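Listed below, chain by chain, are the residues.
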Amino acid sequence: MHTLFHSSVYDDTRPVESYWEAGAPPPPDGLRPLEAEESCDVAVIGGGYTGLSAALHLARDHGVDVRVLEAGHIGWGASGRNGGFCCLPASKLSIQAMIARYGLDETKRFYAAQLDGIDLVRALGEDEGIDYGRRGDGNLTVAHGPGRFRELEEEAEALTRLFGIETTLYGRDQFAEVGYDSSEQFGALHTAAGFALDPLKFAVGLGRAAQRRGAVLHPHSRVLDWQRAQGRHRLVTAGGSLAARRVVVATNGFTREGLHPAFDGRVLPALSNIVTTRPLTGDELAAQKWRTENPICNTRQLLFYYRLLPDRSFLFGARGDTTGRPEDGARMKAWIVRRLGAVFPHWRDVTISHFWRGLVCFTRDLTPAVGRLEDDPGVWYAYGYHANGVNTAPWTGRALARLVVGAESEESALPAVMAGPARRFPFAALRPWYLRGAWLYYRMTDDLR
Ligand SMILES: Cc1cc2nc3c(=O)[nH]c(=O)nc-3n(C[C@H](O)[C@H](O)[C@H](O)COP(=O)(O)OP(=O)(O)OC[C@H]3O[C@@H](n4cnc5c(N)ncnc54)[C@H](O)[C@@H]3O)c2cc1C
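As a starting point, this report considers the structure included with it. Everything quoted here is computed from the prediction, not taken from an experiment.

Brief notes about the environment of M332
Phase 1: In this fold, M332 is placed in helix α9 (residues 326-343).
Phase 2: The buried category is assigned to M332, whose relative accessible area is 9%.
Phase 3: Sequence separation between M332 and I274 is 58 residues, and the spatial gap between their C-alpha atoms is 9.9 Å.

Structure below.
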């Protein structure tokens, strides 16, 4: 199996060193790596939101004998280290482009599923007793240039008219009173859907819930080989093997080429970076007129995403490099700290407490891909959330559980927008170059403010 980025990006023996890890809840009790020849009905590969939600719903709602094989600790991948924005949408298609490709009804179905995903996160917290530190009452998008407010007006109009989502627009001065002020703030859109959370607490909480409901979780159990024996799948790890009648692939951006030929060349992982500052003082917050707990993205294609954390540390995220080499990561860290200081000049010299990065997952279609393999019908999958998996991955995990037990058909469970597989990339080995080209193009167009 091989990887698109430098091996250090996939090294699950190293700590993630995120802000979230520093306050991590204890892992579920009594977990152990796979250490023998074992078997189950459904094996899930990947212990992030997709895999854990699939396992939780399979065990809780359908009484299935299910196990999860995770290469690192539970939530080691994107799920335990993201920005914690529970928001929408999990696609890079504009609303108009989505309607042109899938029609209005399927676009509405997709947005309804996205809202359902937000409700599911809320319900999982309540039903399974997961305290994931919910904050805020929606999501904000900020115009990063004077010419960008018009985009927000169009988006607000479409979100409300087509999908019934409540929105509020703020001009620059108005937003400076309720949100913040900055040289890259030219008005904002509040979408009354979603909230902020602690992603690792949510991942570990999902793991605990899945375990309590009967799923067996094996951390530090990377699937190294996928064999067939007597009509069953046999997933081989360093310590043992797991025979299963059915398999759910939930490896998303961390999918390695060669895990199963059906996934080769279909995902486009990309690095996303985050820095956090030390807790800001009241005076420092006042200097930027910071007043909101809602998570914020700006209108850049290569967007900046940021939020104030419960202890008043500030989280600032942006795209990463395209190699994954540690030295390029260090350069990106310096760049992102400079950008933080440019957008929020009063916080320019504030100490950075943490820097980390991880893989988000794009597809050629710019939409998620969920379904069952046509040529290997004992295998189901979900991937490609376009850096918007906090609400989407738990939702696709539940959808996969229903598909695996046959409680729903793909047509009834999935909006056409999400029905997989994603098309393969042509000349798939060139994917890092595609990313480089896209980043360059976006960098140029983003600066047309
Ligand atoms: C820095 C960053 C910031 C982000 N911010 C946000 C945000 O604010 N809001 C939002 O909605 N989304 C965000 N995302 C995206 C979001 O985190 C993901 O879409 C989501 O977590 C995907 O969940 P998942 O379970 O499908 O994949 P992951 O959480 O990535 O889990 C996949 C797991 O598969 C495991 N794995 C891979 N191969 C194997 C194997 N062979 N054997 C066993 N295990 C294997 C990996 O170790 C990994 O833990 C962000 C992502 C990153 C990296």
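Observations concerning the nonpolar core
Phase 1: Within the largest apolar cluster, 61 residues are counted, with the highest numbers of intra-cluster contacts made by V42, V66, Y111, F202, L206 and V248.
Phase 2: Two domains each put at least three residues into this core: domain 1 (7-83 + 200-266 + 364-440) and domain 2 (134-196 + 269-362).
Phase 3: What Y111 contacts, discounting residues up to four positions off in sequence, is L88, P89, I95, M98, L159 and F163.
Phase 4: Listed in part, the 29 residues of the second largest apolar core include Y10, L268, L309 and V360.

Observations concerning the side chain of H218
Phase 1: Within the fold, H218 resides in strand β8 (residues 216-218).
Phase 2: A polar atom in the side chain of H218 sits 2.9 Å from the backbone oxygen of R32.
Phase 3: Not counting residues within four places of it along the chain, the set of residues in contact with H218 comprises R32, P33, L34, R67, V68, L69 and E70.

Some details on the site of the ligand
Phase 1: Near the ligand there are 37 residues, and of these T50, E70, S79, F85 and V223 occur at the shortest range.
Phase 2: Contact distances for the ligand include 3.0 Å between an oxygen atom and a backbone N or O atom of G77.
Phase 3: Between the ligand and G83, the relevant distance is 3.0 Å, taken from a nitrogen atom to a main-chain nitrogen or oxygen of the residue.
Phase 4: Taken by itself the ligand offers 1,000 Å² of open surface, and the protein chains cover 98% of this.
Phase 5: Elements that contribute at least two residues to the shell around the ligand include exactly α2 (49-62), β12 (268-277), β16 (352-362) and α10 (389-404).
Phase 6: Classifying every residue of the shell around the ligand gives 19 nonpolar, 15 polar and three charged.

What counts and what doesn't
- Residues numbered from 1 in each chain as written.
- Predicted model: local features only at pLDDT ≥ 70, side-chain atom pairs only at ≥ 80, totals over all residues.
- Heavy atoms only, no water.
- Helix = DSSP H or I, 4+ residues; strand = E, 2+ residues; numbered from the N terminus.
- Buried < 20%, exposed > 50% of the residue type's maximum accessible area, 1.4 Å probe, protein only.
- Core = buried A, V, L, I, M, F, W, Y, C linked by side-chain atoms within 4.5 Å.
- Domains from an automatic or database assignment.
- Contact = heavy atoms within 4.5 Å.
- Polar contact = N/O pair within 3.5 Å; in protein donor to acceptor, adjacent residues only side chain to side chain.
- Near = heavy atom within 4 Å.
- Areas by Shrake-Rupley, 256 points an atom, 1.4 Å probe, with all protein chains shown as cover.
- Nonpolar A, V, L, I, M, F, W, Y, C, P; charged D, E, K, R; others polar.

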